[in-house]
Amino acid sequence: MIKLVRGFKDILPADTALWQHVEGVVRELLEDFGFAELRIPVLEQTELFARSIGAGTDIVEKEMYTFTDRGGASLSLRPEATASVVRAYVEHRMYAKDPVCKLYTIGPMFRRERPQRGRYRQFHQINAEIFGLHDPRTDAELILLLMTFFGRLELGSVALHINSLGCPECRPRFKDALKLFLAGRPEEFCSDCLRRKDENPLRLFDCKVPDCKEAMQEAPSILDDLCEACSTHFDDVKRSLDRFQIPYQINNRLVRGLDYYTRTTFEVLGESLGAQDAVAGGGRYDGLVKALGGPNEPGVGFAVGVDRLMELLAGRAQDFEKRPHIFVAAIGETAQDMAFEWVQGLRLQGVRTEMDFENRSLKSQMRRADKLGASYVVIVGDRELDEGVAIFRDMATKEQEQVVLQEVVGTAVDRIRTSTVGGES
Ligand code: HAM
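This report concerns the structure included in the present document. (Residues numbered from 1 in each chain as written. Predicted model: local features only at pLDDT ≥ 70, side-chain atom pairs only at ≥ 80, totals over all residues. Heavy atoms only, no water.)

## Quick look at the overall build of the protein chain
Consideration 1: The number of helices and strands found in the protein chain is 16 helices and 16 strands.
Consideration 2: By the compact-globule yardstick of 22 Å for 425 residues, the protein chain is too spread out, its C-alpha radius of gyration being 28 Å.
Consideration 3: If one aligns the C-alpha atoms of the protein chain with their principal axes, the spans along those axes are about 95 × 50 × 40 Å.
Consideration 4: Here the protein chain holds 425 residues, and 52% of them are scored as buried. (Helix = DSSP H or I, 4+ residues; strand = E, 2+ residues; numbered from the N terminus. Rg over C-alpha atoms; globule rule 2.2 N^0.38 Å. Buried < 20%, exposed > 50% of the residue type's maximum accessible area, 1.4 Å probe, protein only.)

Structure (structure tokens):
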């Protein structure tokens, strides 16, 4: 038997109803917040990721699925979406029509990390990006959107962490302070960290080696080195969050694993997720559009890890399962032909309907209706045909009634509409 590729997974029908629900909730919310959907390819030039995420990051150095195309180009499966969204914003000159652009995209990403709980090699993200706005309220608006989304899903315990990474003016000061700190204790770090410490010392905060993590506990805080403009920006973001009573923790270790961030960064942690506890992350990236050949427009965004979100929603899949409204149990050739027409008529009117074409016994058809979780069963056999009626059985109350054959479809539609008023069933 040929099996799944390690770190990849199937999302089975028992779970897809919940995925669709989550996507439905987020699409509606994103559209209320003024976002339009952008669909981007899963494959890009490798250089796009090297230039945006950073050649010295774990993602680009170790985790991309990169191959040489038959034409000789180096291509990579996208490890994240922001780089592609920026590429599209620049390539299609979206800024020329209106520099302010709010885009969202939903889809699979690929990172060749070591698979474990909450970490897959193909995973799914919901991405939201805003271009063209400097105001710190934009950063807060995105966080508000994220927390509203989690609220609508009635997600249990999540914690919002925020930080500021400064800007090209003040970050070099922090990098110097960090280099000084690292220079004094080289023996405490792994070879990867030692290699990166001069070029990009911020990346040492991402190292997963326990000794390095421990040593970085004592590293200086970036918040001590912010310039006045970055400091004010961060205060304003916090003030907006306070205004909407969004609880947050300031986490000066939150540098995120991608090089493009400036100023605000944030993550949402799911308390029950274990080691891979970030369910969403994002931040501002004011230099990225320009670095990828566009105008000097700022950007800010986030991505939700849908697979981890699903883990937080585990056990809720059943609530969204689409069971048949009606199961038609027809016995005998004539009844089956008539039932087939009812089924088509009902489906055209949006009633989820099933029937068994195999002409099995009534008992076995009832068993199947029960297994599928149908709300009502319409029973019709030779006797009913003679009498000109079908039997309507409410599977919850077990009550039965007779309905004349010509009114079966209309009655079924009415029943379902009445029972679903005020909510999906
Ligand atoms: P990221 O923190 O690398 O950010 O990923 C965002 C989320 O994707 C994580 O919080 C996590 O939930 C999920 N995730 C990442 N890797 C995996 C994995 N291997 N398996 C399962 N889930 C995973 C970004 O990707 C940025 N592009 C976010 C962003 C958008 N920043 C600005 N705009």
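What follows picks up the thread again.
## Things to note about the site of the ligand
Consideration 1: Around the ligand, the structure places 27 residues, and the nearest of them are E80, E113, R256, Y261 and A278.
Consideration 2: With respect to the ligand, the backbone of V279 contributes an N or O atom lying 3.5 Å from an oxygen atom.
Consideration 3: Contact between the ligand and F302: a nitrogen atom at 3.3 Å from a main-chain N or O atom of the residue.
Consideration 4: Considering the ligand on its own, with 660 Å² of exposed area, one finds that the protein chains cover 96% of that surface.
Consideration 5: Mapped onto the shell around the ligand, the elements with two or more residues apiece are β6 (122-131), β10 (278-284) and β11 (299-305).
Consideration 6: It is β10 that provides the largest number of residues to the shell around the ligand, a total of six residues. (Near = heavy atom within 4 Å. Polar contact = N/O pair within 3.5 Å; in protein donor to acceptor, adjacent residues only side chain to side chain. Areas by Shrake-Rupley, 256 points an atom, 1.4 Å probe, with all protein chains shown as cover.)

## A word on the nonpolar core
Consideration 1: Among the nonpolar cores identified, the biggest contains 52 residues, and V86, Y89, F131, L178, F189 and M216 are the most heavily contacted of them.
Consideration 2: Counting residues in each nonpolar core, the second largest holds 43 residues, with L144, F150, L160 and I162 among its members. (Core = buried A, V, L, I, M, F, W, Y, C linked by side-chain atoms within 4.5 Å.)

## Brief notes about the side chain of R203
Consideration 1: You can see R203 is positioned in the loop between α8 (191-196) and α9 (210-216).
Consideration 2: Exposure remark for R203: the relative accessible area of 2% places this residue in the buried category.
Consideration 3: In contact with R203, other than residues within four places in its own chain, are G56, T57, R196, V255, R256, G257, L258 and D259. (Contact = heavy atoms within 4.5 Å.)

## Overview of the sheet that holds strand β13 (residues 353-355)
Consideration 1: Spatial ordering of the open sheet is given by β13-β12-β14-β15-β16, a layout of five strands whose pairing is mixed. The sheet is open, and its two borders are formed by β13 and β16 (400-404), each paired with just one other strand. Along the sheet, successive strands turn relative to each other by an average axial angle of 25 degrees, direction set aside.
Consideration 2: Relative to β13, strand β12 (residues 326-330) runs parallel, the two being bridged by three bridges. Paired with I326 across the strands is T353, a residue of β13.
Consideration 3: On the sheet, helix α13 (residues 333-348) packs against β12, β13, β14 (376-380) and β15 (389-394) and is oriented at approximately 160 degrees with respect to β13.
Consideration 4: In this fold helix α14 (residues 362-372) packs onto β12, β13, β14 and β15, with an angle of close to 170 degrees to the strand it touches most, β12. (Pairing = 2+ DSSP bridges. Axes fitted to C-alpha atoms, helices over the stretch in contact; angles between N-to-C directions.)

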